[in-house]
Every structure is written in structure tokens, then in C-alpha cells.
Protein chains: 2
Amino acid sequence: MSIKIITVSRQFGSGGRSIAKQLADKLGFDYYDKEIIENVALETGFSKEYIERKGEEAPGKTVFSYGFESQTIPGIMNGMTTHDYLWTAQRKIICNIADSGNPCVIVGRSSDYILRDRDDVLNVFIHADMPFRTDRIVRLYGESEKKPEKRLMDKDKKRAANHKHFTDLQWGYAPNYDMSLNSGRIGIDKCVEILYEVVKNS
Amino acid sequence: MSIKIITVSRQFGSGGRSIAKQLADKLGFDYYDKEIIENVALETGFSKEYIERKGEEAPGKTVFSYGFESQTIPGIMNGMTTHDYLWTAQRKIICNIADSGNPCVIVGRSSDYILRDRDDVLNVFIHADMPFRTDRIVRLYGESEKKPEKRLMDKDKKRAANHKHFTDLQWGYAPNYDMSLNSGRIGIDKCVEILYEVVKNS
């Protein structure tokens, strides 16, 4: 197997996280998702919730984040904005995971871009049509005040803006990944199987 | 098999056409590529070369096409521009192929968009990194005055602009397809195998 690391980027509600987890289990690879946030929290002292929220924002683009953009903790953040500081801490953690040499699956957090210079990484993007995703998020996370379509669009928009801000790449543009799969059309189990075969035969 | 039609869009030099042909052979499906151009030529009277060129232009965007944009053949083209007339003829041919009920693979020509209302279609996008593609086009089509990188970029740009013009969709954006594969990374044979399995098990 020449592929040791799989990064999984995903549209909200597409089942990308489930695919990543099942794939890691099937391959016997380590799995990193919330674990990265936990490590960033340990490293920086910010709460997991705060880091998670910041990680899905477009820096300087929201009314709420705007006021904080220029705030730094002197002597610790080296004059960086909170977004840049958290990105840097997260990047370091992802690089350390990759450098450890243990095969793994990493969900999101622009890990595709962060690990772009390695040749043992397979970058995957999981997407699905709106009805598949709305049905899924209502089933998994329940109803909320916002319509599910609006929740999906807001989340995807933020992920795309955050990715663009730090990588200058378009989130979801096929040539930026090795494989992009429509989980609603192909099925979650079949996506896992396809990815498993590609990695096993690499 | 619920999938009866596979559309294959592809970056120039990615081997998308080879994948489409091998997949059609393996499935025993009909294969449509240049055949569509030949049918458009029969239907409209324009030469194959002219149709092929027009099909990869962004209407109204090139210096050469600009002058012809408003030219129509009275009584035949119903006041349409050449681009629109050819698009309409091509659309009709693609719809007829699909409606014939014979399983098939169709290469390019925005057939993914044209057949968007059918539920028996799998839309595929094939892409690859620049070195894989430059190497491939030089090997297949030989050298030319233009550098291979420039040839690739020009061709892709025109395909994207033509697709955007007629469909208002972004060419190469993963969520517009069911599967997008990096043929350079995964390998042409493996791409065929993955697609074959997905169609056979559908």
C-alpha cells in the first residue's frame, strides 16, 4: 500500500464522516476528526466549541468575528489573529499526525492542502444531493429553527470560505481531490468499499 | 442495473475518452463520442471540423467567433446564432440516443446536463495532474508550437466556458457529477474497474 493517509472533505450531511470512520475501521487505520480539535484545545487553551466554530468561519467575513479579528494574546499569538493562530496550531497537529508514520484517515480541516507535498496521501471529497442531505441531518441532528436546506447551505458556504481563505483553493472543485463521490447516489457502504479497494491496491 | 447511461466529462489529456471507451466495451454498452459530431454534421450540413471547433468555444468570447455570433441562415436556424443552433441539434441527438433505450456511454458535450432529468444516468468527471496530462498529449498527439501546458489550459478553459454558457454550471465542480476520478493517481485501468463495478451493482 503506497497510500498511508486518506483525507476526507465533505459537504455537511453527505455522510462523509461515516464513510471516513468505516473506512478507517476496515483498513485498521487511525481515525482523526474531533481528536484534532481536542489537541488544538490542549495546545492553545481555547475551548473545543470555540475552536470548532472558528474552524468553520470565513475569517473577517462575519459580523461577530470581525471585531475579534485583530485581537491577539501578546507574547503567545505573536501578533497573529485568532483564526491564523488556530490554523497554525491545527496545521502543526495534522503534520505531526502524518509524520508519526501511523496510517490514518483525517476528516476535513483542509488536511488535503496541509499535506499536499506528501505522495502517500489520497484526497477524497464526499458530496450528495440536497434531499439526501436534508433527510440525513434531520434524522441525525433533529429539527431546528432554520430550515434544513438553509442549515446545509450556511455550513457549506462557511467551509468553502474558510478553505478558500487559508488555501486559496476552491472547496469541492474535483481536480483538487483524487476522488469525489456522490454518497447519495452511490451509497455510503459502496463508497467505503470503493475507497478501501483503491487504498488496498495502491 | 439501474444505470443505463454513463456520461464522461474530462479534462483534456486525462484519458477520460479511453476510460469511456474501455468501460463501454467492458459493459457491452454503445459508445458515443465523434459519432455525435457526425450526426450533427448530417443534421445541419456543417462540417465535422467546424462543429467540433464551435463545440469547444465560449460563444461570443473569442475574437474569431464574435463576428459570426449573429449570423444565421434564414428559414433554417430560426434566428438562432450558430452556437445555439448547433447546441440544439446536438441536444436533440443526445436525447434521441438516450430515448432509444440502448445502454450507452457518452463522452462530453454537456450530456450530463442535457440528460439531467433522467434517473438512469451516472455522471462521471475524469481529471489528472498537469505532468500526467502533458506527457499523455505529447505522446498521443505529438508536439506542437504551443507548449503542452498552454494547450491543456486553453482547451480546458474553452470547455469550461462552453459548458457554463449553455448550462450555467461550473465544469469540474464535484457536486455536479456522481463520481470524479483522478486518472493520473488512480490509473486508467483502475478507473474503468471502479466505474464498471458501480454500474454492474446498480
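Refer to the structure printed above.
Below is a summary of the structure that appears in this document. Note that the structure is predicted; figures quoted are calculated from it, not measured.

**Focus: the side chain of S180 of chain B**
Counting through the fold element by element, S180 of chain B comes out in strand β5 (residues 179–182). Taking the relative accessible area as the measure of exposure, S180 of chain B reaches 0% and is therefore buried. In this structure S180 of chain B touches A174, D178, M179 and S180 of chain A together with F125, H127 and A174 of chain B, once residues within four positions along its chain are discounted.

**Focus on the pattern of salt bridges**
In total, this model carries 28 salt bridges over all chains according to the counting rule given. Residue D25 of chain B is joined to K21 of chain B by a salt bridge in which the shortest nitrogen-to-oxygen separation is 3.0 Å. Highlighted residues: D25 of chain B and K21 of chain B, both in helix α1 (residues 16–27), separated by 4 residues, approximately one helical turn. One continuous salt-bridge network, built from bridges that share partners, spans R17, D33 and R109 of chain A.

**Here's the deal with the nonpolar core**
I6, L122 and M179 of chain A together with I6, L122 and M179 of chain B are the most contacted members of the largest nonpolar core, which has 52 residues in total. Sequence-distant contacts of I6 of chain A, defined by excluding residues within four places in its chain, comprise L23, L27, F29, C104, V105, I106, L122, V124 and V199 of chain A.

**Examining the relation of the copies chain B and chain A**
Superposing chain B onto chain A requires a rotation of 180 degrees together with a translation of 0.0 Å along the rotation axis, leaving an RMSD of 0.0 Å. Such a turn and shift between the copies fits a two-fold axis.

**Focus on the interface of chain B and chain A**
Contacts between the two partners involve 27 residues from chain B, matched on the other side by 27 residues from chain A. Summed over both partners, the interface of chain B with chain A buries about 1,900 Å², with 51% contributed by carbon and sulfur atoms. Applying the counting rule to chain B against chain A returns 2 salt bridges. Note that R185 of chain A and D178 of chain B form a salt bridge whose closest N and O atoms lie 3.2 Å from each other. For the pair chain B and chain A, the interface holds 14 residue pairs in polar contact (both at pLDDT 80 or more). Looking at the side of chain B that touches chain A, the elements with two or more residues in it are β4 (121–127), β5, α9 (183–186) and α10 (188–200) of chain B. Taken together, the residues of the side of chain B that touches chain A break down into 14 nonpolar, 7 polar and 6 charged. Pairing analysis gives 3 bridges linking strand β5 (residues 179–182) of chain A to β5 of chain B, with the strands arranged antiparallel. Residue S180 of chain A lies in a different strand from β5 of chain B, and its bridge partner there is S180 of chain B.

Parameters and conventions
- Residues numbered from 1 in each chain as written.
- Chains lettered and ligands numbered in written order.
- Predicted model: local features only at pLDDT ≥ 70, side-chain atom pairs only at ≥ 80, totals over all residues.
- Heavy atoms only, no water.
- Helix = DSSP H or I, 4+ residues; strand = E, 2+ residues; numbered from the N terminus.
- Buried < 20%, exposed > 50% of the residue type's maximum accessible area, 1.4 Å probe, protein only.
- Contact = heavy atoms within 4.5 Å.
- Salt bridge = Lys/Arg side-chain N within 4 Å of Asp/Glu carboxyl O.
- Core = buried A, V, L, I, M, F, W, Y, C linked by side-chain atoms within 4.5 Å.
- Least-squares fit on C-alpha atoms with pLDDT ≥ 70 in both.
- Buried area = accessible area lost by both parts, 1.4 Å probe.
- Polar contact = N/O pair within 3.5 Å; in protein donor to acceptor, adjacent residues only side chain to side chain.
- Nonpolar A, V, L, I, M, F, W, Y, C, P; charged D, E, K, R; others polar.
- Pairing = 2+ DSSP bridges.

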